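# Remarks on the overall topology
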Amino acid sequence: MSFSIPSFIEAISFSSIVINHAASTAPKELTTIHEGTPEFKEAVRSMAEECLLFRYHDIYYNIPVKDGQLVFYVTRGSHIGVVAGWENALNCDFGINKPEYHEVESVVVGEQLVRKAIEEGKVEMVDPWVSCN
């Protein structure tokens, strides 16, 4: 008889994060943010699941790694950027008062709209509220 012991991840430690400053359709402009720098904590906080992290006008935003699902762009939520799939959009908006997100036809269109919202100062990353009831 064989069995396996389940394992759980207690913590994840990053020592650096690579950020792209160019649009996802342009040649990459990569920089590395190292643990212990002032930008590191904000970059980690900005990262959404199944996404790559980008930075534009000092605002972090996400672009999905996978495509082929419904695509949404989020300008007010726990994470900012483009996400693939309703579940990921919900994760960005759950517990947020007046979230701002919209379905779009593609990741490229979503990124253009996120960048425009950043230029216009219309993005806000908000911590979700927690109910104690």
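Predicted, not measured: the structure shown is a model, and the values here were computed from it.

Attention shifts here to empty space enclosed by the protein. One pass over the full model with this rule turns up 1 cavity of 30 Å³ or more. Looking at the largest cavity, the residues that line it are Glu-49, Glu-50, Cys-51, Pro-64, Lys-66, Gln-69, Val-83, Ala-84 and Asn-88. Per-class residue counts for the lining of the largest cavity are 4 nonpolar, 2 polar and 3 charged.

Let's shift gears to helix 1 (residues 38–46). Turning to helix 1, its buried residues number three or more, namely Phe-40, Ala-43 and Ser-46. Burial along helix 1 is one-sided: seen end-on, the buried residues are contained in an arc of 130 degrees. Turned more than 90 degrees away from the buried face of helix 1 sit Pro-38 and Lys-41, all of them exposed. Considering only its buried residues, helix 1 is in contact with strand 1 (16–20), strand 2 (30–34), strand 3 (51–56), strand 4 (59–64) and strand 8 (124–125).

Before going further, it helps to examine the environment of Cys-51. Of note, Cys-51 is situated in strand 3. The exposure class assigned to Cys-51 is buried, which follows from its relative accessible area of 16%. C-alpha of Cys-51 to C-alpha of Asn-62: the two residues are 11 residues apart in sequence and 5.6 Å apart in space. When residues no more than four places from it in sequence are discounted, the contact partners of Cys-51 are Asn-62, Ile-63, Pro-64, Val-65, Val-82 and Val-83.

With respect to the element layout, Asn-88 can be found in helix 2 (residues 86–93). As for Asn-88 and Val-71, which are separated by 17 residues in sequence, their C-alpha atoms are 9.5 Å apart. Each residue touching Asn-88, except ones within four places of it in the same chain, is listed here: Glu-50 and Val-83.

This brings us to the layout of surface pockets. Vacant regions in the atomic arrangement are exposed by a probe of water-molecule size rolled over the atoms. Considered as a void within the structure, the largest pocket measures approximately 250 Å³ in volume. Along its surface, the largest pocket is lined by 16 residues, and Ser-24, Leu-52, Phe-54, Ile-63 and Pro-64 are the ones closest to its centre. At the level of elements, strand 1, strand 3 and strand 4 are the ones that each hand at least two residues to the lining of the largest pocket.

Direction of pairing for strand 5 (residues 71–77) relative to strand 6 (residues 81–84): antiparallel, over a ladder of 4 bridges. Bridge pairing links Val-74 to Gly-81 in strand 6. Joining the antiparallel neighbours strand 5 and strand 6 is a turn of 3 residues.

A grouping of Leu-70, Trp-86, Leu-90 and Phe-94 is seen on the molecular surface, where their side chains present a nonpolar patch of about 440 Å² in accessible area. When you line up the elements, Leu-90 lands in helix 2.

About the cut-offs
- Residues numbered from 1 in each chain as written.
- Predicted model: local features only at pLDDT ≥ 70, side-chain atom pairs only at ≥ 80, totals over all residues.
- Heavy atoms only, no water.
- 1 Å grid on protein atoms, 1.4 Å probe; cavity = no way out; pocket = protein on both sides within 12 Å on 5 of 7 lines; lining within 4 Å.
- Points joined across faces, edges and corners; volume = space filled by probe spheres on them.
- Nonpolar A, V, L, I, M, F, W, Y, C, P; charged D, E, K, R; others polar.
- Buried < 20%, exposed > 50% of the residue type's maximum accessible area, 1.4 Å probe, protein only.
- Helix = DSSP H or I, 4+ residues; strand = E, 2+ residues; numbered from the N terminus.
- Arc of directions from axis to C-beta.
- Contact = heavy atoms within 4.5 Å.
- Pairing = 2+ DSSP bridges.
- Patch = residues over 30% accessible without salt bridge, like charges linked within 9 Å, V, L, I, M, F, W, Y side chains within 5 Å.
- Areas by Shrake-Rupley, 256 points an atom, 1.4 Å probe, with all protein chains shown as cover.
- Salt bridge = Lys/Arg side-chain N within 4 Å of Asp/Glu carboxyl O.

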